Amino acid sequence: MEKLPAQMTVIGISKPGGPEVLVPETRPVPAPGPNEILIRVAAAGVNRPDALQRSGSYPPPPGASDLPGLEVAGEVVALGKAVSRYKRGDEVMSLVAGGGYAQYCVAHETIAMAIPPGLSMLEAGATPETLMTVWHNVFERGGLKANETLLIHGGSSGIGTMAIQLAKAFDAKVIVTVGSQDKADACLTLGADHAINYKTHDFVAEVKALTGGAGANLILDMVGGDYIEKNYDVAAIEGRVVQIAFLGGAKASVNFAKLMVKRLHHTGSTLRPRSVADKAAMVSAIEAKVLPLMREGRIKPLIDSSFPLEKAADAHRRMETGAHIGKIVLTV
């Protein structure tokens, strides 16, 4: 059996602040609990919640690592005594509640997924958080059906680019909002039916024109703020709005009569604080419905860029420019 090191390099948060507070540290390699696996991390996805945690506004849930990083991919190198799903040497990708910015990371065996053939380790590191967020919010909470119209705000983000591919794989129509022509082109290449530049066009008027006045059946929104009322305007009768972030602010002045007149449903969720059982249920559904599509090469994360683990601050700077298209990944 391979002897594991006692210490590892991690990226810690020295104090709340900008990207510069992400600094390499040395910490003990964690030991897996009874139902956990220890993963030698090869790649770790960079996500908006990591930046929120770095700034001090998104603390880890009780019991989670204080290190940033919500998704990893790598090799299983140690097993908890009750683990039955994996063995040493398996290559897996997993959502984690924290601790991904490290050479080694523990994950619950029921939340880890075998990496599909054809998905590189870099791509696998960019998959779990994004895939689970999209699956749960678009399909489980949002109930997207074939031939419905999905409007995605932030279409060129990691979430948006995954949502485009999944929605098209399940025969929905997809409209995205983006902030540049490059981002529009990337979304159209992935399969989006229409891309609207919100800086130059009124997306409410555009979506209504594209849908013959009907509006969008489902809206995936990470903006919030003044988009909330605009979403109510652009939603179809019996439309659904699913909120996954508030990049434009969590407070707004909204005419809620539109909610009643159109019989709208406005819901939302966060992934990190959910129970292991909740996350395991999402993984089971994804293994049945989505991983076969990934094995066929029909769905994979779009990678914007990668940075060595020690350059995590540069990865955060890239994310905060808003210029990225797809996912940013740390390599270990």
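Residues numbered from 1 in each chain as written. Predicted model: local features only at pLDDT ≥ 70, side-chain atom pairs only at ≥ 80, totals over all residues. Heavy atoms only, no water.

Quick word on the overall build of the protein chain
And then number 1: Within the protein chain, the secondary structure is distributed over eleven helices and 15 strands.
And then number 2: In summary, the protein chain has a C-alpha radius of gyration of 20 Å against a globular reference of 20 Å for 332 residues, a match within 12%.
And then number 3: Each principal axis of the C-alpha distribution contributes one length, and for the protein chain these read about 65 × 40 × 35 Å.
And then number 4: Going through the 332 residues of the protein chain one by one, you find that 52% of them count as buried.
And then number 5: Summarising the internal contacts of the protein chain: among those between residues at least 6 apart in sequence, 68% fall at separations of at least 24.
And then number 6: Entry remark: accessible area of the protein chain is about 13,600 Å², with carbon and sulfur atoms responsible for 54%.
And then number 7: For the protein chain, the distance from the average site of its 34 positive side-chain charges to the average site of its 33 negative ones is 3 Å. (Helix = DSSP H or I, 4+ residues; strand = E, 2+ residues; numbered from the N terminus. Rg over C-alpha atoms; globule rule 2.2 N^0.38 Å. Buried < 20%, exposed > 50% of the residue type's maximum accessible area, 1.4 Å probe, protein only. Contact = heavy atoms within 4.5 Å. Areas by Shrake-Rupley, 256 points an atom, 1.4 Å probe, with all protein chains shown as cover. Lys, Arg positive; Asp, Glu negative; His and termini not counted. Charge placed at Lys NZ, Arg CZ, Asp CG, Glu CD.)

Remarks on the packing of helix H3 (residues 128-141) against helix H9 (residues 276-289)
For any two helices packed against each other, one specifies the crossing angle of their axes together with the interaxial distance.
And then number 1: At a closest axis distance of 10 Å, the pairing of H3 and H9 adopts a crossing angle of 85 degrees. The angle between the axes of H3 and H9 places the two elements in the roughly perpendicular class. The residues of H9 that touch H3, namely those facing Leu131, Met132, Trp135, His136 and Glu140, are Lys279, Met282, Val283, Ala285, Ile286 and Lys289.
And then number 2: Grouping the amino acids of the contact of H3 with H9 by side-chain chemistry returns seven nonpolar, one polar and three charged. (Axes fitted to C-alpha atoms, helices over the stretch in contact; angles between N-to-C directions. Parallel < 35°, antiparallel > 145°, perpendicular 65-115°, else oblique. Nonpolar A, V, L, I, M, F, W, Y, C, P; charged D, E, K, R; others polar.)

Quick look at the sheet that holds strand S10 (residues 194-197)
And then number 1: Judged by pairing direction, the sheet is parallel, and its six strands sit side by side in the order S10-S9-S8-S11-S12-S13 without closing on themselves. Both outer strands of the open sheet, S10 and strand S13 (265-268), are each paired with one neighbouring strand and no more. Adjacent strand axes in the sheet meet at a mean angle of 20 degrees, parallel and antiparallel pairs treated alike.
And then number 2: Where strand S8 (residues 149-153) and strand S9 (residues 173-178) come together, five bridges link them in parallel fashion. (Pairing = 2+ DSSP bridges.)

Remarks on the pairing of strand S11 (residues 216-221)
And then number 1: Counting buried residues in S11 gives five out of six residues, a clear majority hidden from the surface.
And then number 2: Relative to S11, S8 runs parallel, the two being bridged by three bridges. Bridge pairing in S11 places Leu151 opposite Ile219.
And then number 3: Where S11 lies against strand S12 (residues 235-243), five bridges are found, and the strand directions are parallel. For Ala216, the partnering residue across the bridge sits in S12 and is Ala235.
And then number 4: The parallel pair S11 and S12, bridged by helix H7 (residues 227-234), forms a crossover whose chirality is right-handed. (Right-handed = clockwise from strand over helix to strand, strands pointing away.)

Observations concerning H9
And then number 1: Taking 1.5 Å per residue, 14 residues should reach 20 Å; H9 reaches 20 Å between its end C-alpha atoms and fits that length.
And then number 2: Looking only at H9, the buried set comprises Lys279, Ala280, Met282, Val283, Ala285 and Ile286.
And then number 3: On its buried side, H9 packs onto strand S5 (91-95), strand S7 (112-114), H3 and helix H10 (291-295). (Expected span 1.5 Å × (residues − 1).)

Some words on unusual backbone geometry
And then number 1: The residue Asn147 is not glycine, and still its phi comes out positive at about 75 degrees.
And then number 2: The residue Asn147 is located in the loop between H3 and S8 in this model.
And then number 3: Of note in this structure, Asp171 is not a glycine but carries a positive phi near 65 degrees.
And then number 4: Considering the arrangement of structural elements, one finds Asp171 in the loop between helix H4 (158-169) and S9.

As for the packing of helix H1 (residues 48-55) against helix H11 (residues 312-321)
And then number 1: H11 packs onto H1 with a crossing angle of 110 degrees between their chain directions and a minimal axis gap of 10 Å. The angle between H1 and H11 places the two elements in the roughly perpendicular class. Here the hand of the crossing between H1 and H11 comes out left-handed. Listed contacts from H11 to Arg48, Asp50, Ala51 and Arg54 of H1 are His316, Met319 and Glu320.
And then number 2: Classifying every residue of the contact of H1 with H11 gives two nonpolar, one polar and four charged. (Left-handed = near helix turned anticlockwise from the far one by under 90°.)

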